[in-house]
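Per-entry structural report
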Amino acid sequence: MQLDPRLQQDSVPIGRFPLCCLRISRDSNYPWFLLIPDRAGVREIHELAPDDQACLMQESSTLARALEAAFAPDKLNIAALGNIVPQLHVHHIVRYKGDAAWPDPVWGKVPAVPYDSVQLEDRIRRLREALGPAAGFQFQAEEEAG
């Protein structure tokens, strides 16, 4: 699978589950993660084979539990939108009542704020600790993730 250039530009790799690669958005306004199935040409969840659909749901649930443990959100937004980037990717966005866009959707509400290296490392570390030995998840080597 080739990653859409916009996903490549707007996010940083963290690691991978058996089906999906996991990336973090470069927008530090929110803890915002992306699951991207490793399947070429897939735009919608229903286009995945049934076993891949089940695997995506399991990986999404595993990630959601880890995000709740790591970041204690007021709400967790999970969505597969593809109006601009058609490659199937599932957003997992941690939301707080006091965040920059609350209660509205995050898209276009406020300008993206890039991470500094300390913030990015902290968000990834918190997720790493919450995921622990999650079934089949492999974190990317530190030097590859930056």
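Located above this text is the structure these notes cover.
The paragraphs below set out a description of the structure included in this document. This structure is a prediction, so every number in the text was calculated from the model and none was measured.

Attention now goes to the overall build of the protein chain. Regarding its fold elements, the protein chain presents 4 helices and 6 strands. For the protein chain, the succession of helices and strands along the chain, N to C, is α-β-β-β-α-β-β-α-β-α. In terms of its C-alpha atoms, the protein chain occupies a principal-axis envelope of roughly 40 × 35 × 25 Å. When the 146 residues of the protein chain are sorted by exposure, 43% land in the buried category. Pairs at least 24 residues apart make up 56% of the contacts formed inside the protein chain by residues separated by at least 6 positions. Here the protein chain has roughly 7900 Å² of accessible surface; of this, 51% comes from carbon and sulfur atoms. Measuring between centres, the 15 positive side-chain charges of the protein chain sit 4 Å from its 20 negative side-chain charges.

Let's shift gears to the pairing of strand β5 (residues 90–95). Buried residues dominate β5, accounting for 6 of its 6 residues. Here β5 shows two buried faces, one formed by V90, H92 and V94 and the other by H91, I93 and R95. Sheet analysis places strand β3 (residues 32–37) next to β5, joined by 4 bridges and oriented antiparallel. The residue of β5 that forms the bridge with F33 is H92.

Helix packing for two helices is described by the angle between their axes and how far apart those axes are. Interaxial distance between helix α2 (residues 50–71) and helix α3 (residues 117–131) falls to 8 Å at its minimum, and their mutual angle equals 115°. As α2 packs across α3, the resulting crossing turns out to be right-handed. The residues of α3 that touch α2, namely those facing T62, L63, A66, L67, A69, A70 and F71, are R123, R126, L127, A130 and L131. Considered class by class, the residues forming the contact of α2 with α3 number 9 nonpolar, 1 polar and 2 charged.

Definitions and limits used
Residues numbered from 1 in each chain as written. Predicted model: local features only at pLDDT ≥ 70, side-chain atom pairs only at ≥ 80, totals over all residues. Heavy atoms only, no water. Helix = DSSP H or I, 4+ residues; strand = E, 2+ residues; numbered from the N terminus. Buried < 20%, exposed > 50% of the residue type's maximum accessible area, 1.4 Å probe, protein only. Contact = heavy atoms within 4.5 Å. Areas by Shrake-Rupley, 256 points an atom, 1.4 Å probe, with all protein chains shown as cover. Lys, Arg positive; Asp, Glu negative; His and termini not counted. Charge placed at Lys NZ, Arg CZ, Asp CG, Glu CD. Pairing = 2+ DSSP bridges. Axes fitted to C-alpha atoms, helices over the stretch in contact; angles between N-to-C directions. Left-handed = near helix turned anticlockwise from the far one by under 90°. Nonpolar A, V, L, I, M, F, W, Y, C, P; charged D, E, K, R; others polar.

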